[in-house]
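A structural walkthrough
What follows is each chain in one-letter form.
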There are 6 protein chains.
Amino acid sequence: MFRHTSHLQFEAKPEKPDAHYARKLQELIGGAYGEMTVTMQYLFQGWNCRMEGKYKDLILDVATEEIGHVEMLATMVARLLEGAPAETTADMVDKDPVVAAIIGGMDPQQAIVSGGGPTLSDSNGVPWNGRYIVASGNLLADFYANVAAEAQGRLQTARLYNMSDDPGVRDMLKFNLARDTAHQNMWLAAIEELQEDGLEGAVAPSALFDEEHSEHAGTIWHLSDGTQGNQGRWASGPTPDGMHEFSYLQETEPLGGKASAPAPDPLLYATSP
Amino acid sequence: MFRHTSHLQFEAKPEKPDAHYARKLQELIGGAYGEMTVTMQYLFQGWNCRMEGKYKDLILDVATEEIGHVEMLATMVARLLEGAPAETTADMVDKDPVVAAIIGGMDPQQAIVSGGGPTLSDSNGVPWNGRYIVASGNLLADFYANVAAEAQGRLQTARLYNMSDDPGVRDMLKFNLARDTAHQNMWLAAIEELQEDGLEGAVAPSALFDEEHSEHAGTIWHLSDGTQGNQGRWASGPTPDGMHEFSYLQETEPLGGKASAPAPDPLLYATSP
Amino acid sequence: MFRHTSHLQFEAKPEKPDAHYARKLQELIGGAYGEMTVTMQYLFQGWNCRMEGKYKDLILDVATEEIGHVEMLATMVARLLEGAPAETTADMVDKDPVVAAIIGGMDPQQAIVSGGGPTLSDSNGVPWNGRYIVASGNLLADFYANVAAEAQGRLQTARLYNMSDDPGVRDMLKFNLARDTAHQNMWLAAIEELQEDGLEGAVAPSALFDEEHSEHAGTIWHLSDGTQGNQGRWASGPTPDGMHEFSYLQETEPLGGKASAPAPDPLLYATSP
Amino acid sequence: MFRHTSHLQFEAKPEKPDAHYARKLQELIGGAYGEMTVTMQYLFQGWNCRMEGKYKDLILDVATEEIGHVEMLATMVARLLEGAPAETTADMVDKDPVVAAIIGGMDPQQAIVSGGGPTLSDSNGVPWNGRYIVASGNLLADFYANVAAEAQGRLQTARLYNMSDDPGVRDMLKFNLARDTAHQNMWLAAIEELQEDGLEGAVAPSALFDEEHSEHAGTIWHLSDGTQGNQGRWASGPTPDGMHEFSYLQETEPLGGKASAPAPDPLLYATSP
Amino acid sequence: MFRHTSHLQFEAKPEKPDAHYARKLQELIGGAYGEMTVTMQYLFQGWNCRMEGKYKDLILDVATEEIGHVEMLATMVARLLEGAPAETTADMVDKDPVVAAIIGGMDPQQAIVSGGGPTLSDSNGVPWNGRYIVASGNLLADFYANVAAEAQGRLQTARLYNMSDDPGVRDMLKFNLARDTAHQNMWLAAIEELQEDGLEGAVAPSALFDEEHSEHAGTIWHLSDGTQGNQGRWASGPTPDGMHEFSYLQETEPLGGKASAPAPDPLLYATSP
Amino acid sequence: MFRHTSHLQFEAKPEKPDAHYARKLQELIGGAYGEMTVTMQYLFQGWNCRMEGKYKDLILDVATEEIGHVEMLATMVARLLEGAPAETTADMVDKDPVVAAIIGGMDPQQAIVSGGGPTLSDSNGVPWNGRYIVASGNLLADFYANVAAEAQGRLQTARLYNMSDDPGVRDMLKFNLARDTAHQNMWLAAIEELQEDGLEGAVAPSALFDEEHSEHAGTIWHLSDGTQGNQGRWASGPTPDGMHEFSYLQETEPLGGKASAPAPDPLLYATSP
Ligand SMILES: [Ca+2]
Ligand SMILES: [Ca+2]
Ligand SMILES: [Ca+2]
Ligand SMILES: [Ca+2]
Ligand SMILES: [Ca+2]
Ligand SMILES: [Ca+2]
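1. Observations regarding the coordination of the calcium ion (ligand 6)
All names here are of chain F.
- Each protein donor to the calcium ion (ligand 6) is listed here as Glu35 (OE), Glu35 (OE), Glu66 (OE) and His69 (ND1); together their distances run 2.3 to 3.0 Å.
- Read in sequence order, the donor residues coordinating the calcium ion (ligand 6) give the pattern E-x30-E-x2-H. Of the two residues, glutamate 35 is situated in helix α2 (residues 35-47) and histidine 69 in helix α3 (residues 54-80); the sequence distance between them amounts to 34 residues. Across the pair, exposure class does not vary: glutamate 35 and histidine 69 are buried alike.

Laid out in structure tokens, this is it:
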């Protein structure tokens, strides 16, 4: 069960409105790597965690924080839209190219649908959806996904940081950047801890290593004509999981037979001789 | 530019058809972590890579391999569907509960739409889409995403491995498992290499550390009532990026003001006093 | 079965083209509360209605009208796009900022895909989809949804009304506003009629009131820290359905046990001790 | 900002697992009218509310409760899946038709993707998305949408109630039914309160009544051939908003000119004479 | 503007219910090539047609018919669901494998969401969407799309025909098959007519033939290792448009330079040396 | 299995960047008729082809070429975005309307998400998805879809050709136009060949002609009020398949009974008397 306070985790006050920027910030609300994704990813991981204790408690701490990040961004977007020229008409556009440009670059749904507020969509207006999240039950696989999400999130926040010179916007983003740093480090630390606790190895899941075709578990296949694919540490030496040796296959040939589809069912009317 | 041989990278021949399993395998074709996702993720990362050389060459080697994985799975699905009772009618269902059950558990579109072949959808029939991939231009952020994708991919393959006892199916999956192991190790090695080459640190992107609010870059906020969230290495000590100290904030209070939306635009007709 | 006349239900002639506005009007064609939604919602409600007579006949009258509303808007969009600078090039953009702004604010698919006509998408270009509609078979539940749809529709139309000063556009929108008023009133009247006919009560569905945990059927839980949530008529007194008493629970505690997930299936490889 | 306790708002313990039912319950998690929809709809309405005080406080109270409803359902789904025959193979299917049927009716992603837990999808596996919610800033329009959502939600819960005879499942659903009753009544009461406070009328929004074509604001057009569409209170008498008179137009003719598209732009290559 | 009669274009009465088949028929309602697609495709083509006269009139005749096809299928689905065991519980499933199988193979939303009626989704429950249609303004390009849609539609109908032995279902499908034959022939005839009228050629659009790189307008590139790609009429001789000569390029080499991405913008933080 | 060379099939070098155009070109990458669609459509058709030989070999030749077309466009988009003013702030917008307009018309995700590269979306930012493709197993039905796709593709390319005057962009598009011409002709020739080989007729599929209600297989129903729908070759004379006679039904009446839904299941709570 959840409780809410109307105070924001951190301040979200722009110095002045900026309708273009309000559109761009939607990426951090409803984009594939926005705050809604980490909120839902962590909530479902917490609920789906099969082991009581420190990992589950940590996941739910962070999940609960993330709902508040959506709240900060939603508040910021509404404030950036204050006084936006939503009702500008064609005549006004013809007279003032700056107004015209601002209108053109706005998210029309922020005005028409939300009345000057945020939507649950990304910066192109595409709605957030539940396939953006993963909660597999395997903590290593999921923590890798969490690092990835926080890394893309921090990268997008950094890009957006340079697209505004508003001190209020930048103040909030400095907090967001720091939280993305903290969370990225945290999941990296949790991955180490999983391994030190003997719960997982480097590769997820820790299973079926003795059943997989191990002769194919360390090779890199040369299939594009770049010449330097064999010059990194992935081309020789022990693998990070400590269980295999890397090698780079310069000459590659298919191992399987011809790709063919079986004779068709006559009642499905495939073209056939 | 690409070239194609009709021979599969590895054999994909089931011993006998299994219509239920053909549906489940769709997850590895068109699921969020299926082979189409890594195919497109790596292709776009390769095309979007801003640095010629070993990383770009590696990415394109692997991207090209992945198209062939989609091909193997597509071929396997068609073969698993051979002789599937697509035309079974209500009468037959009433008479034979096993036939009834098989019909009920099939993906109807594999028969009605594809004539006994695969679709570009997941195991629930939801189409694959372009938001599953990421190619940000930042190799560290993207390689984390690649590790995550290969980890979820190997996990799903391992689960599917236990859902079949067909020797042909299992033989192919043993190859797939091994390739997922190889690729997971490879991206982990590439992350180390990026750091050793001095191109990236542990946290992506390597920027704005001196502008972010650093007092918030190492704290974990206690916001759920679990009591053990402070018992891992994320609760104290140096962060993996070597630049911060972890601390666990047991008592947490909002730092921001009240979340409020600005006065509405009268022409947008929000309810207001 | 349907028949069509090429005459519009009401005139849809702009005085002059306006490419920006053509994009915005897409919201009323293919948005979640656009004319396609009410068209399909009412058609499926009509076909799914389990009672011959006045309700079914009314639903199908209105459903049939709504197809014609899509037609009016589609015609208006094509006319607003006449002469739109679809082929403007970078050179022209550099020379004339107003042209530049107009190009920037256009829906590119109206030119590239539809050749100067409407698409079946909203104002951000997201396609209309079948999950926007509901036809549950329960007329009360559906009529509530119809009131809601007409209310959002009228609200969006009112906002769009202020974004144009073209007399022809406004003339059509004055008709649309009036029809949304009529339909909103009509569904409100139909809700009253359902109750007077003894077919439904105030709450949908009229079932299971004696099985639900009635001690929880009138309480409002205080879970956010606002102090005035208890100051409306929802905080005490009889409920609109006449069957319960409202009360506001100032002190709230969870009634359930701990949220925990069961022991995992070993073959699904969840992380576990 | 939010806080979380691991205790559920109400108990969610099935007496025994039921894999088919775990799939069906997904509708209440990630369906268009499931708990995620009301959670996000109320959160965004609260954040977008332009008037401090009782309405905003109420919305945020309820929004916060709804997150906990998602939590209850997610927990229930995981428990219903305990011991589900995820790894059943074709051989087992051939031998036991009941097992076969259960496998066939399961959501494959609950096993393959979530490892025996819930997904953020509906009962057909289609992901929840952000277009399901509305937060327009106009409280009347939104409260109508809220009544509609709670009505569909209670209807679906009632249907699901009859699809299980598990005492634990039914106990939780009795709570859910009661909350849907409470919330449905609450939004109905809030609509009355808005009108009594003089903030809104019966029709949303309370604007442009003097500009709309008022001669079309009370008519029902006879366009389908049912004969009883004129027999309800919507066919004559005052409208619920008290501002118009209903009338039923038995003979209907289009008021507009021919629907025609303008001459095409030659560079867009429409077929033209 | 449209009008409606409650009589179906053709009878849609199954002899007895069949819940499995009701799910499969959804493909013809809301699938990518179902009746909703042709309805909307033809309506938007008609409204977007830039030439008054026979083509536009024909398109709108057929568009109007197609709405009635959706109606027939929606009616059929509701009737096939009559008495479907929607409320079957786990106990009943354990006792009767045929009931179990039927439950497992049903579309759960037809019961939970629609109360025993159709949805606007395909046979996997994925909602129909507006990107399935095309109305480009170019009649040749669109008529090719129409032939394609009617061909896939007839193919899917033919497959579904073999999945039922209910005389009532088959009677309706015999009508549907015939209409798909008629419409497929009709669009083929309309393509001939466009060419005879001198409005279009064989290739759409009839433009830019003198600007395109004509040396590449007749060649087939050998890029896969099949050996018989050069054995059809596409490998030599005049092209169907009468303007080019086919040739098969056995030895193929890329004509362009290396695929490389430009130097990155430093503020976007791509990994770079 | 596939192989890749880093050389492009044709050059893709703009003379100078153009951020607006980079957005528009997305339509050819991730639009419903872009290069990704034909890539995947042909790959799945090739893998699903039930007849070894010339048709399958041709399909896979062309499929393999198409992957390279995506590559050309992805490369072009990255180059068009070089130096795009992604970091422009509100101040800069206020000062320079041309910059403002360019910012407004850009795809924000090309900067925020992809770091100056392409996405797998269309020109409105909607992600490409797997429902855009068809691979039915019936070659005639699929080749009609291929002609349609190439026709829409060439039409969109022609429109985009006129939206740029950059010699490098135009040079690439001249190649693309030519390939679309070649492929359109090729599929038209393949359709002729199928018929000459006696594998298919004019209408797909070549089945059930003797079971369909043949009296409805040649009629056009007059259902809209246009007067010239009967003036084309579709109104009389033999049908293209040589098996029927066209006729135009001027007076049309429904053939079926009333559309009605069956009595509802009481446990689904439809409103009923
Ligand atoms: Ca965050
Ligand atoms: Ca792979
Ligand atoms: Ca309307
Ligand atoms: Ca609820
Ligand atoms: Ca049809
Ligand atoms: Ca191409």
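2. Describing the side chain of F:Arg154
- Positionally, F:Arg154 belongs in helix α7 (residues 139-161).
- Excluding residues within four positions of it along the chain, F:Arg154 makes contact with E:Val203, E:Ala204, E:Pro205, E:Ala207, E:Leu208, E:Phe209, E:Glu212, F:Leu177, F:Asp180, F:Thr181 and F:Gln184.

3. Some remarks on helix α3 (residues 54-80) of chain D
- Between its terminal C-alpha atoms α3(D) stretches 39 Å, which fits the 39 Å expected from 27 residues at 1.5 Å a residue.
- Counting buried positions over the 27 residues of α3(D) gives 27, a clear majority of the element.

4. Brief notes about the sheet that holds strand β2 (residues 219-221) of chain E
- The strand order across the open sheet formed by 3 strands is β2-β4-β3 (chain E), and the pairing between neighbours is mixed. With one partner strand each, in any of the chains shown, β2 and β3 (236-238) of chain E form the two edges of the open sheet. Between one strand and the next, the sheet's axes are offset by a mean angle of 20 degrees, whatever the strand orientation.
- For β2(E) and strand β4 (residues 245-249) of chain E, the ladder comprises 3 bridges, and the chain directions are parallel. When the bridges of β4(E) are listed, E:Thr219 appears paired with E:Ser247.
- Contacts from helix α8 (residues 167-196) of chain F reach β2 and β4 of chain E, with the element oriented near 90 degrees to β2(E).

5. What to know about the interface of chain C and chain A
- Listed by partner, the interface residues are 43 residues for chain C and 49 residues for chain A.
- On inspection of chain C and its partner chain A, the count reaches 2 salt bridges.
- Among the ionic pairs, A:Arg3 bridges to C:Glu253, the shortest N-O distance being 4.0 Å.
- Connecting chain C to chain A are 17 residue pairs in polar contact (both at pLDDT 80 or more).
- Broken down by element, the side of chain C that touches chain A gets its largest block of residues, 6 residues, from helix α5 (residues 97-105) of chain C.

6. Re the interface of chain A and chain B
- Contacts between the two partners involve 114 residues from chain A, matched on the other side by 114 residues from chain B.
- Roughly 9,700 Å² of surface becomes buried between chain A and chain B when both sides are summed, with 60% attributable to carbon and sulfur atoms.
- Interface area lost by chain A to chain B is led by A:Arg131, A:Arg233 and A:Trp234, which between them contribute 7%.
- The interface formed by chain A and chain B holds 8 salt bridges in total.
- The partner of A:Asp122 in a salt bridge is B:Arg131, and the shortest N-O contact between them spans 2.9 Å.
- Applying the counting rule to chain A against chain B returns 68 residue pairs in polar contact (both at pLDDT 80 or more).

7. Quick notes on the domain arrangement of chain A
- Domains assigned within chain A are domain 1 (19-196) and domain 2 (214-249).
- Centre-to-centre separation of domain 1 of chain A and domain 2 of chain A, based on C-alpha positions: 36 Å.

8. A word on the pairing of strand β4 (residues 245-249) of chain C
All names here are of chain C.
- Only one face of β4 is covered, namely the one carrying Phe246 and Tyr248; the face carrying Glu245, Ser247 and Leu249 has none of its residues buried.
- The pairing of strand β3 (residues 236-238) with β4 spans 3 bridges and is classified as antiparallel. Across the sheet, proline 238 pairs through a bridge with glutamate 245, a residue of β4.
- The turn joining β3 and β4, which pair antiparallel and follow one another in sequence, is formed by 6 residues; a positive phi near 70 degrees is taken by glycine 242.

9. Here we look at the relation of the copies chain C and chain A
- Relative to chain A, chain C is turned by 120 degrees and slid 0.0 Å along the rotation axis, the superposed coordinates differing by an RMSD of 0.0 Å. Here the transformation between the copies is reduced to the relation of a three-fold axis. Using C-alpha coordinates, one finds that chain C approaches the rotation axis most closely at C:Ala101, a distance of 2.6 Å.
- The share of interface residues of chain C whose copies in chain A are also at the interface is only 12%, consistent with the copies meeting through different surfaces.

10. Remarks on the packing of aromatic side chains
- Applying the stated criterion to the full structure yields 45 aromatic pairs over all chains.
- Three or more aromatic residues joined by ring pairs make a cluster, and in this case those are A:Tyr42, A:Tyr55, A:Phe143, A:Trp187 and B:Trp234.
- The lysine or arginine in question, C:Arg154, covers the ring of D:Phe209, its NZ or CZ lying 4.4 Å from the ring centre.

Procedures and definitions
Residues numbered from 1 in each chain as written. Chains lettered and ligands numbered in written order. Predicted model: local features only at pLDDT ≥ 70, side-chain atom pairs only at ≥ 80, totals over all residues. Heavy atoms only, no water. Donors = N, O, S within 2.8 Å, 3.2 Å for Na, K, Ca; no water. Helix = DSSP H or I, 4+ residues; strand = E, 2+ residues; numbered from the N terminus. Buried < 20%, exposed > 50% of the residue type's maximum accessible area, 1.4 Å probe, protein only. Contact = heavy atoms within 4.5 Å. Expected span 1.5 Å × (residues − 1). Pairing = 2+ DSSP bridges. Axes fitted to C-alpha atoms, helices over the stretch in contact; angles between N-to-C directions. Salt bridge = Lys/Arg side-chain N within 4 Å of Asp/Glu carboxyl O. Polar contact = N/O pair within 3.5 Å; in protein donor to acceptor, adjacent residues only side chain to side chain. Buried area = accessible area lost by both parts, 1.4 Å probe. Domains from an automatic or database assignment. Least-squares fit on C-alpha atoms with pLDDT ≥ 70 in both. Phe/Tyr/Trp six-rings, centres within 6.5 Å; stacked < 30°, edge-to-face > 60°. Lys NZ or Arg CZ within 6 Å of the ring centre and 35° of its normal.

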